[in-house]
Amino acid sequence: MKSKGTNFTQKQKNILTTLGENIKLARLRRKLSIRSMAERAGIATSTLGNIENGSPSVSLGSYLQVLSILRLEDDLLLIADKDPVGRQIQDAGLIVKKRAPKKKKTVSAIDHVIDKGNFEKPKFD
């Protein structure tokens, strides 16, 4: 199934192809057939074929099912784990800007004259 208008760069295609090849090699090392692997993962054999060919149309859930059968599901946790660019952006945002302290509110001459009811009234003897 062709993806809906999503254009992938050559680098992205190469990554998916390499991922598919790695999954296929892991399956073959375990001496699992495509049929038995697909049955265990609960997916169609064609879906497994698409995974192993690096098709971008396969859901992440299907990849997770296959990786779980191979006992490699924890490898998904490594995705975006280090994220050096994101950490640099985060660190740059954590810099506290120094600014002058806020000015104290000054009372104008008129405010001194106007009684707002907050002050004790003077007593006349």
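All figures in this text were calculated on a predicted structure; none of them were measured in a lab.

**Q** Looking at this model, I keep getting lost on the packing of helix α3 (residues 45-53) against helix α4 (residues 60-69). Mind explaining?
**A** The description of two helices packed together rests on the angle between their axes and the distance between the axes. Where α3 contacts α4, the two axes come as close as 11 Å, and the packing angle between them is 90 degrees. Classified by the angle between their axes, α3 and α4 sit roughly perpendicular to one another. Packed against α3, whose contacting residues are Thr47, Leu48 and Ile51, the element α4 presents Ser62, Tyr63 and Val66 at the interface. Taken together, the residues that form the contact of α3 with α4 break down as 4 nonpolar, 2 polar and no charged.

**Q** Hey, could you run me through the packing of helix α2 (residues 34-41) against α3 in this one?
**A** Between α2 and α3, whose axes approach to 9 Å, the crossing angle comes to 105 degrees. One element, α2, and the other, α3, form an angle in the roughly perpendicular class. Every residue of α3 that contacts α2 at Ile34, Arg35, Met37 and Ala38 is listed here: Thr45, Leu48 and Glu52.

**Q** Where do I start with helix α1 (residues 10-29) in this structure?
**A** Count 3.6 residues to each turn of an α-helix, and residues three or four apart come out pointing the same way. Across its 20 residues, α1 extends 28 Å between first and last C-alpha, which sits within 8% of the 28 Å expected from 1.5 Å per residue. Where α1 is concerned, the buried positions are Leu16, Gly20, Ile23, Ala26 and Arg27. For α1, the arc enclosing every buried residue in end-on projection is 125 degrees, short of the 170-degree limit, so these residues lie on one face. Across α1 from its buried face, at more than 90 degrees, point the exposed residues Gln10, Lys11 and Arg29. Close packing links the buried residues of α1 with α2, α3 and α4. Positive backbone phi, at 60 degrees, marks Lys31, one or two positions downstream of α1.

**Q** Would you take a moment to explain the nonpolar core for this structure?
**A** A general trend in soluble globular proteins is that nonpolar side chains are found buried together. Of all hydrophobic cores here, the largest spans 15 residues; its most connected members are Ile23, Ile43, Ile51, Val66 and Leu70. Every element with two or more residues in this core is listed here: α1, α2, α3 and α4.

**Q** Would you take a moment to explain unusual backbone geometry for this structure?
**A** Glycine aside, residues mostly have negative phi, and peptide bonds are mostly found in the trans state. Look at Lys31: it is not a glycine, yet its phi comes out positive at around 60 degrees. Relative to the assigned elements, Lys31 resides in the loop between α1 and α2. For Lys31, a relative accessible area of 76% corresponds to the exposed category. Not every positive phi belongs to a glycine, and Arg71 is a case in point at roughly 60 degrees.

Cut-offs and rules
Residues numbered from 1 in each chain as written. Predicted model: local features only at pLDDT ≥ 70, side-chain atom pairs only at ≥ 80, totals over all residues. Heavy atoms only, no water. Axes fitted to C-alpha atoms, helices over the stretch in contact; angles between N-to-C directions. Helix = DSSP H or I, 4+ residues; strand = E, 2+ residues; numbered from the N terminus. Parallel < 35°, antiparallel > 145°, perpendicular 65-115°, else oblique. Contact = heavy atoms within 4.5 Å. Nonpolar A, V, L, I, M, F, W, Y, C, P; charged D, E, K, R; others polar. Expected span 1.5 Å × (residues − 1). Buried < 20%, exposed > 50% of the residue type's maximum accessible area, 1.4 Å probe, protein only. Arc of directions from axis to C-beta. Core = buried A, V, L, I, M, F, W, Y, C linked by side-chain atoms within 4.5 Å.

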